[in-house]
Amino acid sequence: MRAAVYNSAIPNVIPKAVNRALRCVSSSHLVLQLSLVLLGLSIAARAVDWNAPEQQLAHKIVSVTGPGTVALTIENRSSLGRRENEVIQNGLRSALEGLGLRFVKPEQAVGTVTISLSENPASFIWVAEIHQGAGETAVVMVSAPRAQGSAALRDSVPLSLHKIPLWSGDDPILDVAVLEENTGPTHIAVLDPDNISIYRMQGGKWQLEQALSIAHARPWPRDLRGRLIPARDHLLDAYLPGVICHTAGGSPLTLNCHESDDPWPLVSGTLNGGTLSVFPSTGLGNGASTVVPQLGAFFASTRNFFTGALAPGVGKFTTVPKFYSAALLPRDKYTLWLFAASDGQVHMVDGVSDQAARLGWGSDLASVKTSCGAGWQVLATSSMDETGDSVRAYELPDLDPVAVSAAIELKGAVTALWTEAKGDTAIVVVKDREAGSYEAFRLALACNQ
């Protein structure tokens, strides 16, 4: 979760380079080669889903460069709009990082990659020029056929992902829970390694109401994680490795902590065991709803991941591979669970099957319900570069992720990402790698009309 350990792109996602030898290509030969490909190359891909050409081009680039450091430039020379350009550029960066490339300044790089987003009357053409060593140049490219109306469709379908500042400070924090809100949050709880601090907004600033000390007999693991969950019959619960705490009373509050290996809830607050809407845009326009069953997972008390043991389970699956985080996507007759596993894959479990894929995502996933698109989206992190991570929204119509928002870049490493109790927003905690300070944001999706 922390720094390079937790939220870097999930380990073991770097495939072996297919061919690192680069041919020397003369300028005239290069121009001729580009012209021929621009006239005739066409690799089938769905126009409204850029994921396929993003992945194809990323694999072709890394088959030449191998994993390592490069200076990356992406130029839009096509009629794609600003939003589409942002979505594609972030998708390409995410795909390349998932295959082992790191982006640095030209003077620090062992090679340069320049990607041009071009087009001809039939297709969008993406060309990558790769330079490594003295005079060595290679060109790879892919294309995505145009579809009538595709440009307008893509401009209307993608969602806008927004971050709303909640908290910032120099001391480490693990999670933030919104307890009350009006037009914005007015009462919050902040979890750190030693306390749960309750704050109320007064005069435009957070004022400390009470700090509740967390009692624990064993030292915390180095890469500490924790979660706050609002409760129904008291204010909230706190889950930490090997410890569970419950608030009691009113004003002042008390905090009761005890050692426990009980599972952490993966569905919190009003979502837990509740009945949730399935939006008409999913094709269920008959007012149908779906029940999200309770699901918990056992956390490894000395590590930073879940063991994979589930309670009670997803269909026939009571265990999955060790994972860092999970997200749910309610369907018509079942719930699809996504687990960001420590084996380098995202495991998609529907109760009958477990399908694993390497998506180039980071270690943090969360789901949100909206009135946009399919009604449910997955927020997934990605390590952008040495200065910060990013978060992007996806939908999975056929277990194949489709990016539906541009990525939000964060100034630092994501250390936590949890769905809030109401299910329509998420909390992300970020550590600034340079300053060492922490920030917490609420993430919300809005429909682009």
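In this text, all values refer to a predicted model and were calculated from it rather than measured experimentally. (Residues numbered from 1 in each chain as written. Predicted model: local features only at pLDDT ≥ 70, side-chain atom pairs only at ≥ 80, totals over all residues. Heavy atoms only, no water.)

Participant: How should the overall build of the protein chain be read in this particular structure?
Facilitator: Broken down by element type, the protein chain carries five helices and 32 strands. Counting the 449 residues in the protein chain, one finds 55% classified as buried. Contacts in the protein chain between residues at least 24 apart in sequence constitute 55% of all its contacts with a sequence separation of at least 6. For the protein chain, the accessible surface area stands at approximately 19500 Å², while carbon and sulfur atoms represent 51% of it. (Helix = DSSP H or I, 4+ residues; strand = E, 2+ residues; numbered from the N terminus. Buried < 20%, exposed > 50% of the residue type's maximum accessible area, 1.4 Å probe, protein only. Contact = heavy atoms within 4.5 Å. Areas by Shrake-Rupley, 256 points an atom, 1.4 Å probe, with all protein chains shown as cover.)

Participant: Any chance you could explain the packing of aromatic side chains here in plain terms?
Facilitator: Following the criterion strictly, the structure yields twelve aromatic pairs and no others. Centre to centre, the rings of Trp50 and Phe124 are 5.6 Å apart; their planes meet at 80°, and the pair counts as edge-to-face. Of this pair, Trp50 sits in the loop between α2 (27–40) and α3 (51–65) while Phe124 sits in strand β4 (residues 123–132), placing them 74 residues apart in sequence. Judged by relative accessible area, Trp50 falls into the buried class, the value being 4%. Their ring planes at 20° and their centres at 6.2 Å tell us that Trp337 and Phe339 sit as a pair that is stacked. Each member of the pair, Trp337 as well as Phe339, carries the same accessibility label: buried. A cation over an aromatic ring shows up here: Arg93 above the ring of Phe103, its NZ or CZ 5.5 Å from the ring centre. Above the plane of the ring of Phe441 lies Lys163, whose end atom (NZ or CZ) is 5.0 Å from the centre. (Phe/Tyr/Trp six-rings, centres within 6.5 Å; stacked < 30°, edge-to-face > 60°. Lys NZ or Arg CZ within 6 Å of the ring centre and 35° of its normal.)

Participant: Got a minute to help me understand the sheet that holds strand β7 (residues 175–181) in this structure?
Facilitator: Adjacent strands of a sheet form backbone hydrogen bonds with each other and so pair up, either parallel or antiparallel. In space, the four strands of this open sheet follow the order β7-β8-β9-β10, with antiparallel pairing throughout. Lying at the two open borders of the sheet, with one neighbouring strand each, are β7 and β10 (205–213). Pairs of neighbouring strands in the sheet enclose a mean axial angle of 20°, with direction left out of account. (Pairing = 2+ DSSP bridges. Axes fitted to C-alpha atoms, helices over the stretch in contact; angles between N-to-C directions.)

Participant: I keep staring at the environment of Ser437 and nothing clicks. Help me out?
Facilitator: When you line up the elements, Ser437 lands in the loop between β31 (425–431) and β32 (438–446). Given a relative accessible area of 18%, Ser437 falls into the buried group. Separated by 267 residues in sequence, Ser437 and Asp170 have C-alpha atoms that sit 4.3 Å apart. Excluding residues that lie within four positions of it along the chain, Ser437 makes contacts with Gly169, Asp170, Val430, Lys431 and Asp432.

Participant: Sorry, what's going on with the nonpolar core here?
Facilitator: One recurring pattern in soluble globular proteins: nonpolar side chains tend to sit buried together. In terms of nonpolar packing, the biggest core is built from 83 residues, with Ile61, Ile115, Trp167 and Leu338 touching the most fellow members. Once residues within four sequence positions are removed from consideration, Leu338 is found in contact with Ser325, Ala326, Ala327, Leu329, Val346, His347, Met348, Trp361, Leu365, Val378 and Leu396. Val368, Ile408, Val414 and Ala426 belong to the second largest nonpolar core, which has 19 residues in total. (Core = buried A, V, L, I, M, F, W, Y, C linked by side-chain atoms within 4.5 Å.)

Participant: Quick question: what am I supposed to make of α3 here?
Facilitator: Along an α-helix, residues three or four positions apart point the same way, because every turn accommodates 3.6 residues. End to end, α3 covers 21 Å across 15 residues, agreeing with the expected 21 Å (1.5 Å per residue, within 8%). Among the residues making up α3, those that are buried are Asn51, Pro53, Glu54, Gln55, Leu57, Ala58, Ile61, Val62, Val64 and Thr65. Just past α3, the residue Gly66 takes up positive phi, approximately 70°. (Expected span 1.5 Å × (residues − 1).)

Participant: Would you mind showing me how to read the pairing of strand β23 (residues 346–349) here?
Facilitator: On any regular strand, side chains alternate: one points to one face of the sheet, the next to the other face. Burial of the side chains of β23 extends over both faces: Val346 and Met348 are buried on one face and His347 and Val349 on the other. In terms of strand pairing, strand β22 (residues 335–341) meets β23 through four bridges, oriented antiparallel. Of the residues in β23, the one forming a bridge with Phe339 is His347. Between the antiparallel neighbours β22 and β23 lie four residues, among them Gly344 with a positive phi of about 90°. The loop that links β23 with its antiparallel partner strand β24 (residues 354–357) comprises four residues; one of these, Gly351, has a positive phi angle of about 100°.

Participant: Would you mind showing me how to read the pattern of salt bridges here?
Facilitator: Think of it this way: side chains of opposite charge can pair up when their charged atoms draw near. The final tally for this structure, using the stated rule, is eight salt bridges. For Arg433, the salt bridge goes to Asp389, with nearest N and O atoms at 3.5 Å. Taken together, the residues Arg433 in the loop between β31 and β32 and Asp389 in strand β27 (residues 389–395) connect sequence positions 44 residues apart. With relative accessibility at 32%, the residue Arg433 sits in the partly exposed group. For Asp389, a relative accessible area of 0% puts it in the buried group. (Salt bridge = Lys/Arg side-chain N within 4 Å of Asp/Glu carboxyl O.)

Participant: What exactly am I supposed to notice about the packing of α3 against helix α4 (residues 82–98) here?
Facilitator: Helix packing for two helices is described by the angle between their axes and how far apart those axes are. Two elements in contact, α3 and α4, have axes whose closest approach is 9 Å; the angle formed by their N-to-C orientations is 45°. Between α3 and α4, the crossing angle belongs to the class labelled oblique. Where α3 crosses over α4, the two elements pack in a sense that is right-handed. When α3 is examined against α4, the residues Glu54, Gln55, Leu57, Ala58, Ile61 and Val62 are found in contact with a partner set consisting of Val87, Ile88, Gly91, Leu92, Ala95 and Leu96. Looking at the contact of α3 with α4 residue by residue, the classes come out as nine nonpolar, two polar and one charged. (Parallel < 35°, antiparallel > 145°, perpendicular 65-115°, else oblique. Left-handed = near helix turned anticlockwise from the far one by under 90°. Nonpolar A, V, L, I, M, F, W, Y, C, P; charged D, E, K, R; others polar.)

Participant: What should I look at first to understand the side chain of Glu54 in this one?
Facilitator: Following the sequence through the fold, Glu54 ends up in helix α3. No salt bridge is formed by the buried Glu54, whose closest oppositely charged neighbour, Arg392, lies at an N-O distance of 4.1 Å. In this view, Glu54 contacts Val87, Ile88, Gly91, Leu92, Ala95, Trp126 and Arg392; residues no more than four positions away in its chain are not counted. (Lys, Arg positive; Asp, Glu negative; His and termini not counted.)

Participant: Is there a simple way to explain the sheet that holds strand β11 (residues 227–230) in this structure?
Facilitator: Strand order in the open sheet formed by four strands is β11-β12-β13-β14, with antiparallel pairing between adjacent strands. Two strands in the sheet have a free side with no partner beyond their single neighbour: β11 and β14 (254–259). For this sheet, the mean angle separating the axes of adjacent strands, direction not counted, is 20°. With six bridges joining them, strand β13 (residues 243–248) and β14 adopt antiparallel strand pairing. When the bridges of β14 are listed, Thr247 appears paired with Leu255.

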